[in-house]
Amino acid sequence: MQMLKREDANVVEPFDWNKAPVESPLFVHTVVEDNKEHFDPPEEVASKIAAVVEMVKASKNLVFFTGAGISTAAKLPDYRGPEGLWTLRLKGQEPKAGLPVEKAVPTLTHYAIKHLVDINVCKFLISTNVDGLHRRSGVPPQKLADLHGDCFRERCKKCNCVYTRLSSVLPPFLKWSCNDHRTNRQCDRCGQLLEDTIINFGELIDDNVLCTAIAHAKEADLVIVLGSSTLPL
């Protein structure tokens, strides 16, 4: 993966969803086999579950890494799956409208991870999802690193005040300017214009969030990746 230098952050060209090179591996799987969904027979699933259970029991520092695939059961679209946003665009098809993120609720997967956090089995959770479902499931903020931000949260860059809203602070998907993060609200503390927390293509992950995620990943003796087709760290 190409890494951006910190000094390059302010010279990124404005991102245009409609001109995005979706044929790039950045967006979709270019190998057909990688885009197929595979289903194991029940007996094999049971065997694999038993193996994972033993790995979790033996782990002293378990970290979860999650991607968009764990939210498809909440009727939110993923990106690179068979019906993913980028997959459909590569086929020349319009992305299918999913459930408004405000109406989505945490899935069994979200609650299962939250339970493992509660009983101190999962030490930390790293996610590239922006749907806020981990936080809404009850995962404590100090146990969560949202690498790409949270669509329900906006922040003041002047005084670092963060606000969590009941609805998304973003315009409808594919209709906002990805390089303009202003939400048209002002900070109650200092009056500065607030910005969303979303990290778009070409932008750098927040230093504190990234460093926290890396520190916990380095301490992990077991990382379980769910809902992501990319190698996280």
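**Digging into the overall build of the protein chain**
Thinking step 1. Secondary structure summary: the protein chain contains five helices and eight strands in total.
Thinking step 2. For the protein chain, the residues scored as buried account for 35% of the 233 residues in total.
Thinking step 3. Across the protein chain, every contact between residues at least 6 apart in sequence was considered, and the portion connecting residues at least 24 apart equals 63%.
Thinking step 4. Here the protein chain has roughly 14,300 Å² of accessible surface; of this, 55% comes from carbon and sulfur atoms.

**Quick notes on the sheet that holds strand 8 (residues 222-226)**
Thinking step 1. Pairing within the open sheet is parallel, and its four strands lie in the order 3-2-1-8. Two strands bound the open sheet, and with one partner strand each, they are strand 3 (144-146) and strand 8. Sheet twist, expressed as the mean angle between neighbouring strand axes with direction ignored, is 15 degrees.
Thinking step 2. Here strand 2 (residues 122-127) pairs with strand 3 via three bridges, running parallel. In the sheet register, Ser127 faces strand 3, and the bridge partner there is Asp146.

**A short note on the state of the cysteines**
Thinking step 1. For the coordinates displayed, the defined rule picks out zero disulfides.
Thinking step 2. Not part of a disulfide, Cys159 finds its nearest cysteine sulfur in Cys187, a span of 3.6 Å.
Thinking step 3. Cys190 forms no disulfide, and the closest cysteine sulfur to it belongs to Cys156, at a distance of 3.4 Å.
Thinking step 4. For Cys190, a relative accessible area of 28% corresponds to the partly exposed category.

**Focus on the pattern of salt bridges**
A pair can form between side chains of opposite charge whenever their charged atoms are brought close.
Thinking step 1. Summed over all chains, the structure comprises 10 salt bridges.
Thinking step 2. The partner of Arg185 in a salt bridge is Glu154, with the nearest N and O atoms 2.7 Å apart. Here Glu154 lies in strand 4 (residues 153-155) and Arg185 lies in strand 6 (residues 182-186), a separation of 31 residues in the sequence.
Thinking step 3. Note on Arg185: relative accessible area 34%, which makes it partly exposed.
Thinking step 4. Classification of Glu154 as buried rests on a relative accessible area of 0%.
Thinking step 5. Put simply, Glu195 and Lys157 hold a salt bridge, and the shortest N to O gap is 3.6 Å. Of this pair, Glu195 sits in strand 7 (residues 193-196) while Lys157 sits in the loop between strand 4 and strand 5 (162-164), placing them 38 residues apart in sequence.
Thinking step 6. Each member of the salt-bridge network shares a partner with another, and the members are Asp40, Glu44 and Lys48.

**Concerning the pairing of strand 7**
Thinking step 1. What you see with strand 7 is a clean split: Leu194 and Asp196 sit on the buried side and Leu193 and Glu195 on the side with no burial.
Thinking step 2. The pairing of strand 4 with strand 7 spans two bridges and is antiparallel. What sits directly across from Arg155, in strand 7, is Glu195.
Thinking step 3. Connecting strand 6 to the antiparallel partner strand 7 that follows it, the hairpin turn spans six residues, and Gly191 within it adopts a positive phi of roughly 85 degrees.

**Let's talk about unusual backbone geometry**
Thinking step 1. The phi dihedral of Lys75 falls on the positive side, at around 70 degrees, and the residue is not glycine.
Thinking step 2. Structurally, the position occupied by Lys75 is in the loop between strand 1 (62-66) and helix 2 (85-90).
Thinking step 3. Even without being a glycine, Asn120 presents a positive backbone phi close to 65 degrees.

**Quick look at the confidence of the model for the protein chain**
Thinking step 1. Here the protein chain averages 82 in pLDDT, while 79% of its residues score no lower than 70.
Thinking step 2. By mean pLDDT, helix 2 is the weakest element of the protein chain at 72, and strand 2 is the strongest at 98.
Thinking step 3. Low pLDDT, under 50, characterises residues 1-15; the stretch is placed with 18 contacts to residues that sit more than four places away or in other chains.

**Points about helix 5 (residues 207-219)**
Since the α-helix turns once every 3.6 residues, residues separated by three or four places project in the same direction.
Thinking step 1. Compared with the 18 Å implied by 1.5 Å per residue over 13 residues, the 18 Å span of helix 5 between its first and last C-alpha is a close match.
Thinking step 2. Regarding helix 5, its N-cap is Asp206, as a side-chain oxygen of that residue lies 3.0 Å from the backbone nitrogen of Asn208 further along.

**Structural notes on the sheet that holds strand 4**
Thinking step 1. Pairing is antiparallel in the open sheet, where four strands are placed in the order 5-4-7-6. Of all strands in the sheet, those with a lone pairing partner are strand 5 and strand 6, marking the two edges. Within the sheet, the average angular offset between the axes of one strand and its neighbour, ignoring direction, is 35 degrees.
Thinking step 2. In this sheet, strand 5 lies alongside strand 4 in antiparallel orientation, the contact comprising three bridges. The residue bridging Arg155 from the neighbouring strand is Val162, located in strand 5.

Calculation notes
Residues numbered from 1 in each chain as written. Predicted model: local features only at pLDDT ≥ 70, side-chain atom pairs only at ≥ 80, totals over all residues. Heavy atoms only, no water. Helix = DSSP H or I, 4+ residues; strand = E, 2+ residues; numbered from the N terminus. Buried < 20%, exposed > 50% of the residue type's maximum accessible area, 1.4 Å probe, protein only. Contact = heavy atoms within 4.5 Å. Areas by Shrake-Rupley, 256 points an atom, 1.4 Å probe, with all protein chains shown as cover. Pairing = 2+ DSSP bridges. Axes fitted to C-alpha atoms, helices over the stretch in contact; angles between N-to-C directions. Disulfide = S-S within 2.5 Å. Salt bridge = Lys/Arg side-chain N within 4 Å of Asp/Glu carboxyl O. pLDDT = per-residue confidence, 0-100. Expected span 1.5 Å × (residues − 1). Polar contact = N/O pair within 3.5 Å; in protein donor to acceptor, adjacent residues only side chain to side chain.

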